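# Commentary on secondary and tertiary structure
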Amino acid sequence: MKIVIAADYRELSQMAAEIVAEQVRTNKNSVLGLATGSTPECMYAILSQMHRQDNLDFSGVITFNLDEYVGLAPDHPQSYHYYMKNHFFNQVNVKSCNINIPCAEKNNPEKVCLEYDQNINNSGGIDLQVLGIGTNGHIGFNEPDRFLSVDTHIVDLTEETIEANCRFFESKNEVPRRAVTMGVGSIMKAKKIMLLASGFHKAKAVKEMLSGKVTTELPASLLQLHHDPLVILDHEAASLLQAKE
Ligand code: GLP
């Protein structure tokens with residue numbers, strides 16, 4: 001795995017934005033896999049600035065988001081639909097018909113999941129998948145478990161994830177208990193993967209992700225099996241990498 005350690009969150013975001021921009025410049029019809037969470041927020045801000053100032057053109061780009069809560073309408077301020085519009089889609093020129101975010105609100109959830117993977121395949125597959133990592137090592141909403149699902153599916157969120165994400169809600173009770181997420185297989189099919197992690201609270205998961213062993217109990221560890229993964233860390237997230245047991 002290629003690991004790059006940035007001085008701080010700002011530098012990490014700049015590096016990540018430049019990699020996405022390079023992907024889009026090289027292939028204006030790129031298929032991007034996109035993540036939410038606080039980590040990629042600054043990357044999206046820099047990409048939006050590149051669009052405004054340098055005419056970075058997203059008009060041919062197709063996007064697939066990793067995940068979405070079940071139980072929040074797309075216009076709910078904590079939904080990932082809302083996040084993506086707010087942080088990125090309303091700031092750049094991605095065509096709305098090219099935006100894909102899983103939504104299991106109204107339709108048959110199994111059908112939604114099946115069609116989501118089919119749509120990714122029909123688009124030619126994801127060229128560059130952006131990922132964050134949960135404190136428990138989840139990617140998308142693939143939570144630690146004995147078995148992981150290969151394809152897009154509905155998942156029960158762990159207490160740790162609900163706890164971690166309650167900072168975005170008024171109270172813990174408001175955090176949805178379920179989500180729809182691309183599976184680890186859907187993620188691993190991406191041609192390139194770029195995982196971002198920032199902060200001391202991610203250091204343990206990062207260390208375990210890069211341990212040289214894979215386990216479904218730390219879903220991000222599977223990325224060690226991918227052929228072209230890049231991990232961008234800030235110093236805090238990388239702080240346990242040199243530490244001896
Ligand atoms: C959330 C999302 C993930 C995200 C992760 C880390 O639960 N489902 O896609 O990568 O947690 O979030 P953050 O960047 O806010 O730490």
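What you are looking at is a predicted structure, and each value in this text was computed from that prediction instead of being measured. (Residues numbered from 1 in each chain as written. Predicted model: local features only at pLDDT ≥ 70, side-chain atom pairs only at ≥ 80, totals over all residues. Heavy atoms only, no water.)

## Examining the sheet that holds strand β5 (residues 99-100)
Strands sit in the order β1-β10-β9-β6-β2-β3-β5 across an open sheet of seven strands; the sheet is parallel. Because the sheet does not close on itself, it has two edges, and the strands there are β1 (2-6) and β5. Sheet analysis places strand β3 (residues 62-65) next to β5, joined by two bridges and oriented parallel. When the sheet's bridge partners are listed, T63 is paired in β5 with I99. (Pairing = 2+ DSSP bridges. Helix = DSSP H or I, 4+ residues; strand = E, 2+ residues; numbered from the N terminus.)

## A short note on the pattern of salt bridges
Where charged atoms from two side chains of opposite charge approach closely, those side chains can pair. Inspection of the entire model under this criterion finds eight salt bridges. Across the salt bridge formed by R178 and D156, the nearest N and O atoms sit 3.7 Å from each other. Taken together, the positions of R178 in strand β8 (residues 178-181) and D156 in strand β7 (residues 153-156) put the pair 22 residues apart, joining distant regions of the chain. Exposure remark for R178: the relative accessible area of 40% places this residue in the partly exposed category. A salt bridge links K204 to E208; its shortest N-O distance comes to 3.4 Å. Remark: E208 and K204 occur in helix α7 (residues 203-209); sequence separation between them is four residues, near one turn of the helix. You can call K204 exposed: its relative accessible area is 55%. For E208, a relative accessible area of 35% puts it in the partly exposed group. Salt bridges linked by common partners bring E159, E163, K172 and R177 together as one network. (Salt bridge = Lys/Arg side-chain N within 4 Å of Asp/Glu carboxyl O. Buried < 20%, exposed > 50% of the residue type's maximum accessible area, 1.4 Å probe, protein only.)

## A closer look at helix α4 (residues 109-122)
In this model α4 runs 20 Å from its N-terminal to its C-terminal C-alpha over 14 residues, within 8% of the 20 Å that 1.5 Å per residue would give. What α4 keeps buried is the set V112, C113, Y116, D117 and I120. The buried residues of α4 occupy one face: seen down the axis, they fall within an arc of 125°. For α4, exposure combined with an orientation more than 90 degrees from the buried face picks out E110, L114 and N122. Each element contacted by the buried residues of α4 is listed here: β3, β5, β7, β8 and α6 (184-188). With a side-chain oxygen positioned 3.1 Å from the backbone nitrogen of E110, the residue opening α4 is N108. Immediately downstream of α4, the backbone of G124 shows phi near 105°, a positive value. (Expected span 1.5 Å × (residues − 1). Arc of directions from axis to C-beta. Contact = heavy atoms within 4.5 Å. Polar contact = N/O pair within 3.5 Å; in protein donor to acceptor, adjacent residues only side chain to side chain.)

## Concerning the site of the ligand
As a matter of local geometry, the ligand sits amid 13 residues, with S38, T39, D67, R167 and K202 nearest to it. The separation between an oxygen atom of the ligand and a polar side-chain atom of H138 is 3.1 Å. For the ligand, an oxygen atom lies 3.0 Å from a polar atom in the side chain of N165. For the ligand, whose unbound accessible area comes to 390 Å², protein coverage reaches 96%. (Near = heavy atom within 4 Å. Areas by Shrake-Rupley, 256 points an atom, 1.4 Å probe, with all protein chains shown as cover.)

## Some words on the side chain of H138
Along the chain, H138 falls in the loop between β6 (128-131) and β7. Note on H138: relative accessible area 10%, which makes it buried. A distance of 3.1 Å separates the side chain of H138 from the side chain of T161, its partner in a polar contact. H138 has contacts with G132, I133, E143, P144, T161 and P219, leaving out every residue within four places of it along the chain.

## Here's the deal with the pairing of β3
Relative to β3, strand β2 (residues 31-34) runs parallel, the two sharing four bridges. Residue L34 lies in a different strand from β3, and its bridge partner there is N65. A crossover links β2 with its parallel partner β3, the connecting element being helix α2 (residues 41-54), and its sense is right-handed. (Right-handed = clockwise from strand over helix to strand, strands pointing away.)

## Quick look at the sheet that holds β7
What links the strands of a sheet is backbone hydrogen bonding, and the strands pair in either a parallel or an antiparallel sense. Read from one edge of the open sheet, three strands run β4-β8-β7, paired in antiparallel fashion. The outermost strands of the open sheet, each flanked by one partner alone, are β4 (67-70) and β7. Here the average twist between neighbouring strands, direction ignored, is 30°. Pairing of β7 with β8 involves four bridges; the strand directions are antiparallel. Paired with I154 across the two strands is V180, which belongs to β8. (Axes fitted to C-alpha atoms, helices over the stretch in contact; angles between N-to-C directions.)

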